[in-house]
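Now for the letters of each chain:
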Amino acid sequence: MNKKTIVLGLLLVVAAVVLVVRLWPSDERAIRKQLALIEEAGSKEASEQPLESLLKAKQLAALFHDPCELIVEAVTYHGLYSRKEIMDRINLVRANYRTARVSLHDVTIAIPGDNNAVVNCTIRLSGEGKGQPVADVQELRAELRKIEGDWLLTHVTLIEVLER
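Note that this is a predicted model, so its numbers are computed, not measured. (Residues numbered from 1 in each chain as written. Predicted model: local features only at pLDDT ≥ 70, side-chain atom pairs only at ≥ 80, totals over all residues. Heavy atoms only, no water.)

**Examining the overall build of the protein chain**
Turning to step 1, where the next piece is worked out: Scanning the protein chain from N- to C-terminus turns up four helices and six strands.
Turning to step 2, where the next piece is worked out: Walking the protein chain from its N terminus toward its C terminus, one meets helices and strands in the order α-α-α-β-β-α-β-β-β-β.
Turning to step 3, where the next piece is worked out: For a compact globule of 164 residues, the expected C-alpha radius of gyration is about 15 Å, and the protein chain comes in at 20 Å, more than 25% above that figure.
Turning to step 4, where the next piece is worked out: Viewed in the frame of its principal axes, the protein chain has a C-alpha envelope of about 75 × 35 × 35 Å.
Turning to step 5, where the next piece is worked out: Scored against the burial criterion, the 164 residues of the protein chain give a buried share of 32%.
Turning to step 6, where the next piece is worked out: When contacts within the protein chain are restricted to residue pairs at least 6 apart in sequence, those whose partners lie at least 24 apart make up 51%.
Turning to step 7, where the next piece is worked out: Accessible surface, the protein chain: about 10900 Å² in total, of which carbon and sulfur atoms supply 60%.
Turning to step 8, where the next piece is worked out: The positive charge centre, built from 21 side chains, and the negative charge centre, built from 22, are 7 Å apart in the protein chain. (Helix = DSSP H or I, 4+ residues; strand = E, 2+ residues; numbered from the N terminus. Rg over C-alpha atoms; globule rule 2.2 N^0.38 Å. Buried < 20%, exposed > 50% of the residue type's maximum accessible area, 1.4 Å probe, protein only. Contact = heavy atoms within 4.5 Å. Areas by Shrake-Rupley, 256 points an atom, 1.4 Å probe, with all protein chains shown as cover. Lys, Arg positive; Asp, Glu negative; His and termini not counted. Charge placed at Lys NZ, Arg CZ, Asp CG, Glu CD.)

**Structural notes on the environment of N116**
Turning to step 1, where the next piece is worked out: Position of N116 relative to the elements: it lies in strand 4 (residues 116-129).
Turning to step 2, where the next piece is worked out: A residue is classified by how much of its surface remains accessible, and N116, at 39% relative accessible area, is partly exposed.
Turning to step 3, where the next piece is worked out: Measuring from C-alpha to C-alpha, the distance between N116 and L54 comes to 29 Å, with 62 residues separating the pair along the chain.
Turning to step 4, where the next piece is worked out: Contacts of N116, omitting those with residues within four sequence positions, involve A110, I111, L144, R145 and W151.

**Remarks on the packing of aromatic side chains**
Turning to step 1, where the next piece is worked out: Counted according to the given criterion, the structure contains one aromatic pair.
Turning to step 2, where the next piece is worked out: Taking the centre distance of 6.0 Å and the plane angle of 10° together, the rings of Y77 and Y81 count as stacked. (Phe/Tyr/Trp six-rings, centres within 6.5 Å; stacked < 30°, edge-to-face > 60°.)

**Quick notes on unusual backbone geometry**
Turning to step 1, where the next piece is worked out: Of note, the bond from D66 into P67 is cis; its omega dihedral lies within 30 degrees of zero at 10°.
Turning to step 2, where the next piece is worked out: Relative to the elements of secondary structure, P67 occurs in strand 1 (residues 64-72).
Turning to step 3, where the next piece is worked out: In this structure, D106 is a non-glycine residue whose phi angle is positive, near 50°.
Turning to step 4, where the next piece is worked out: Summarising the element assignment, D106 is placed in strand 3 (residues 97-113).
Turning to step 5, where the next piece is worked out: Take D106: its relative accessible area is 64%, and that puts it in the exposed class.
Turning to step 6, where the next piece is worked out: The backbone of E148 shows a phi angle near 50°, a positive value even though the residue is not glycine.
Turning to step 7, where the next piece is worked out: By the secondary structure assignment, E148 is in the loop between strand 5 (132-147) and strand 6 (150-160).
Turning to step 8, where the next piece is worked out: Since its relative accessible area comes to 81%, E148 is described here as exposed.

**Focus on the pairing of strand 1**
Turning to step 1, where the next piece is worked out: Strand direction decides the pairing type here: strand 1 and strand 6, joined by five bridges, are parallel. Among the inter-strand pairings, E69 is bridged to a residue of strand 6, identified as H155.
Turning to step 2, where the next piece is worked out: Judged from the five bridges that link them, strand 1 and strand 2 (residues 77-81) form a sheet pairing that is antiparallel. Residue I71 lies in a different strand from strand 2, and its bridge partner there is H78. (Pairing = 2+ DSSP bridges.)

**Considerations on the environment of K84**
Turning to step 1, where the next piece is worked out: Looking at where K84 falls in the secondary structure, it is placed in helix 4 (residues 83-95).
Turning to step 2, where the next piece is worked out: Exposure remark for K84: the relative accessible area of 52% places this residue in the exposed category.
Turning to step 3, where the next piece is worked out: In the structure, K84 is positioned 39 residues away from I123 in sequence and 23 Å away in space, judged by C-alpha atoms.

Below you can see the structure in the form of structure tokens.
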């Protein structure tokens, strides 16, 4: 064997390891995919049709366990909601906005057990509602459980940020 063959073999092994690590499904990657769907389906364009809005609400509701506990600290709101109730509330909120952009920042994911995870992040909402610009920032703490291969939100807490 010459040096070129050895170097080429090592490069192929390194490339294969990198591909396996990057492409192999992981729990954190699956959770990040769910979070990306929250940003995408939570956002709304001015040209969005009612059917598209319903489909996005359904996509978002599918991310929640049935039932899911929801706490909104700013308005002392606490309850246990079915997936249908969550979808209805998503539709009501989306109807109040002409445009909306949802973005998640400073995302941290902890997976303390095989089927449990905790996500902490900042969620920002900007857009236009009822003819006025809207901007809101909340801290989000979400607990997820892996059920039948899917990571579902089981507990969501929105914590109001005092300084923006």
